[in-house]
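# A look at the structure
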Amino acid sequence: ANFFRGTSVEQDGRWGKSDQKLMAKMSKAGKFATILDSKVNLKKVNLDVMSKWVHEKIIELVGFEDEILINLVINMLQGGDLEGKKL
């Protein structure tokens, strides 16, 4: 009757807070720009203008039009709760 043995990732203490530990280590080492600490109210941002800018900037950085990457960034902006360090 027991098909699964062992523990899940959530139950295993070795993997529990690896993201938090990595973020703390990187913050302590100064890997993040100080601008990422400031919060932005995305309700006040004009997403139409921002999505056009994102589209142009990604093409400039990548060198070609990558619709998957562009849509990923725009969806993250529309999602709401954004933290610059996690991006």
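Residues numbered from 1 in each chain as written. Predicted model: local features only at pLDDT ≥ 70, side-chain atom pairs only at ≥ 80, totals over all residues. Heavy atoms only, no water.

### Structural notes on helix α3 (residues 67–79)
With 13 residues, α3 extends 18 Å between its outermost C-alpha atoms, agreeing within 8% with the 18 Å of an ideal straight helix rising 1.5 Å per residue. Taken as a whole, α3 has its buried residues at Ile-70, Ile-74 and Leu-77. Looking straight down α3, one finds that the buried residues subtend no more than 55° of arc, so they occupy a single side. Facing away from the buried surface of α3 by more than 90 degrees, the exposed residues are Ile-68 and Gly-79. Where the residues of α3 are buried, they touch α2 (47–62). Gly-80 sits one or two residues past α3 and shows a positive phi near 110°. (Helix = DSSP H or I, 4+ residues; strand = E, 2+ residues; numbered from the N terminus. Expected span 1.5 Å × (residues − 1). Buried < 20%, exposed > 50% of the residue type's maximum accessible area, 1.4 Å probe, protein only. Arc of directions from axis to C-beta. Contact = heavy atoms within 4.5 Å.)

### Examining the pattern of salt bridges
This structure, assessed with the given rule, holds one salt bridge. As a salt-bridge pair, Glu-60 and Lys-57 come within 3.6 Å of each other at their nearest N and O atoms. Taken together, the residues span about one helical turn, with Glu-60 and Lys-57 both in helix α2 at a distance of three residues. Looking at Glu-60, the relative accessible area reads 56%, which means it is exposed. (Salt bridge = Lys/Arg side-chain N within 4 Å of Asp/Glu carboxyl O.)

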